[in-house]
Amino acid sequence: MKILYAGTPSVAVPPLVHLAERPDVEIAAVLTRTDAPVGRRKVLTPSPVAEEAERRGLPVLRANRVDAELTERIRGLGADVAAVVAYGALVPQAALDAVPHGWINLHFSLLPQWRGAAPVQRALMAGDTVVGASTFLLEAGLDTGPVLGTLTDEVRPDDTAGTVLDRLARSGSPLLAESLRAVVDGTARPVPQEGEVSLAPKLTGEDGRVRWTDPAVAVAHRVRGVTPEPGAWTVLDGQRFKLDRVLARPDHRDLAPGQCVLRGGAVLVGTGSYAVELTRVQPAGKRTMDAAAWARGRNTDTGVVFE
């Protein structure tokens with residue numbers, strides 16, 4: 001089975017590795033987005049998928065847009081089928097038609113729930129307790145194609161979007177390989193998507209801002225869903241103050257929204273219901289540190305209020 005693999009971020013690396021190590025798979029090429037500036041110095045850096053592909057000696061196609069020229073290059077690869085995991089760009093119909101058995105997408109939700117670029121993040125922000133992954137036949141619509149296979153996973157107490165995505169990427173790798181093989185062999189049984197549709201648009205930095213007037217559970221869900229990217233934050237002294245995972249503390253209900261105190265070694269912040277406990281924080285211009293160490297240095301007894 002000869003395939004084209006399309007993916008960009010680190011979550012797309014485990015499926016690439018799984019496919020590359022299967023004896024029944026030949027990867028004709030890897031399609032990924034162009035090198036992007038990273039860090040404060042804006043150094044142009046290959047995507048995680050590009051780095052893994054080059055390490056394995058696989059041909060790499062870099063493009064942020066699938067145009068007519070790229071479509072012809074794809075057609076010339078002679079791939080039987082294409083696999084897509086978080087490539088980051090729409091694939092037009094001409095390119096979909098350029099591969100005989102189509103494009104199979106591994107998407108990190110139970111479709112038609114959470115169609116879009118940030119399915120796990122939006123699911124956690126909404127408080128979902130069960131997540132999953134689906135393989136489906138890519139078509140012109142946004143994650144609308146018929147489903148080939150699914151798997152489910154329960155959200156764990158210490159999960160963040162990062163840990164859930166990592167787990168689904170690994171457990172979803174065999175599902176993707178099985179779906180590709182079934183499509184090529186003609187044994188696949190695609191099922192039209194049914195049920196309530198929800199959308200998962202790409203997160204922005206503003207999605208990470210904590211609203212302290214929200215209930216504690218909603219605050220915890222937001223922080224969980226935006227960790228590690230784009231990251232949770234609030235404002236202190238007019239500057240951005242970053243937050244790691246928070247814990248619900250229903251035993252503390254006397255704090256006003258945004259009011260921060262150090263009690264018994266725990267850093268507590270009031271919300272619209274009861275308090276949450278901060279675990280690790282990053283004040284502006286400083287490294288990430290233990291929240292209690294920050295609070296002791298800040299002397300929260302004098303009063304700290306997040307905006």
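A quick note: this is a predicted structure, and the numbers were derived from the prediction, not measured.

Conventions adopted
Residues numbered from 1 in each chain as written. Predicted model: local features only at pLDDT ≥ 70, side-chain atom pairs only at ≥ 80, totals over all residues. Heavy atoms only, no water. Helix = DSSP H or I, 4+ residues; strand = E, 2+ residues; numbered from the N terminus. Contact = heavy atoms within 4.5 Å. Areas by Shrake-Rupley, 256 points an atom, 1.4 Å probe, with all protein chains shown as cover. Buried < 20%, exposed > 50% of the residue type's maximum accessible area, 1.4 Å probe, protein only. Pairing = 2+ DSSP bridges. Expected span 1.5 Å × (residues − 1). Bend = angle between axes of the 7 residues up to and from the residue. 1 Å grid on protein atoms, 1.4 Å probe; cavity = no way out; pocket = protein on both sides within 12 Å on 5 of 7 lines; lining within 4 Å. Points joined across faces, edges and corners; volume = space filled by probe spheres on them. Nonpolar A, V, L, I, M, F, W, Y, C, P; charged D, E, K, R; others polar. Polar contact = N/O pair within 3.5 Å; in protein donor to acceptor, adjacent residues only side chain to side chain. Salt bridge = Lys/Arg side-chain N within 4 Å of Asp/Glu carboxyl O.

Caption draft 1: Just the overall build of the chain, in detail. From N to C terminus, the chain includes eight helices and 18 strands. The dimensions of the chain, computed from C-alpha atoms along their principal axes, are 70 × 45 × 30 Å. Taking the intrachain contacts of the chain between residues at least 6 apart in sequence as the baseline, contacts between residues at least 24 apart amount to 65%. Split by element, the accessible area of the chain, about 14500 Å² in all, is 50% carbon and sulfur.

Caption draft 2: Seen up close, helix α7 (residues 216–225). Extensive coverage of α7 is indicated by the burial of seven of its 10 residues. Looking at the buried residues of α7, the elements they touch are α5 (119–125), α6 (161–185), β10 (232–236), β12 (246–249) and β15 (275–278).

Caption draft 3: Highlighting the pairing of strand β13 (residues 259–263). As judged from the two bridges shared by β13 and strand β18 (residues 304–305), these two strands associate in the antiparallel manner. Counterpart to Q259 in the pairing with β18 is V305. In this structure, β13 lies alongside strand β14 (residues 266–269), joined through four bridges in antiparallel fashion. Paired with R263 across the bridge in β14 is A266. Joining the antiparallel neighbours β13 and β14 is a turn of two residues, in which G264 adopts a positive phi near 55°.

Caption draft 4: Representation of α6 within the structure. The end-to-end C-alpha separation of α6 is 35 Å, in line with the 36 Å expected for 25 residues at 1.5 Å each. Its axis deflected by about 35° at G172, α6 carries its strongest bend there, up to four residues before the proline P174. After α6 finishes, the residue G186 shows a positive phi value of roughly 80°.

Caption draft 5: How the structure looks around empty space enclosed by the protein. For the structure on display, the rule yields one cavity of 30 Å³ or more. Approximately 50 Å³ is the volume found for the largest cavity. Mapped onto the lining of the largest cavity, the elements with two or more residues apiece are α5 and β8 (130–137). Grouping the amino acids of the lining of the largest cavity by side-chain chemistry returns eight nonpolar, three polar and one charged.

Caption draft 6: View of the side chain of Q193. For Q193, the location among the structural elements is in the loop between α6 and α7. A polar atom in the side chain of Q193 sits 2.8 Å from the backbone oxygen of G145. When sequence neighbours within four positions are dropped, the list of residues in contact with Q193 reads L111, P112, R115, D143, T144, G145 and V147.

Caption draft 7: View of the pattern of salt bridges. Using the criterion set out here, one finds 16 salt bridges in the structure. For the salt bridge of R181 with D24, the shortest nitrogen-to-oxygen distance reads 3.4 Å. Of the two residues, R181 is situated in helix α6 and D24 in the loop between α1 (13–20) and β2 (26–32); the sequence distance between them amounts to 157 residues. When salt bridges with common partners are traced through the structure, they connect E21, E52, R55 and R56 into a single cluster.

Caption draft 8: The arrangement of unusual backbone geometry in detail. With omega at 15°, the peptide bond leading from L111 into P112 counts as cis. One can find P112 in the loop between β7 (103–107) and α5. We note that K42 has phi near 55°; this positive angle belongs to a residue other than glycine. You can see K42 is positioned in the loop between β3 (36–38) and β4 (43–45). With a relative accessible area of 57%, K42 lands in the exposed category. At A86, a residue that is not glycine, the phi angle is positive and equals roughly 55°. Secondary-structure assignment places A86 in the loop between β6 (81–85) and α4 (93–96). Take A86: its relative accessible area is 35%, and that puts it in the partly exposed class.

Caption draft 9: Molecular detail of the sheet that holds strand β17 (residues 289–290). The four strands lie next to each other as β10-β11-β16-β17, forming an open sheet whose pairing is antiparallel. Looking at the sheet topology across the chains shown, the edges are occupied by β10 and β17. In terms of strand pairing, strand β11 (residues 239–243) meets strand β16 (residues 280–282) through two bridges, oriented antiparallel. Of the residues in β16, the one forming a bridge with L243 is V281.

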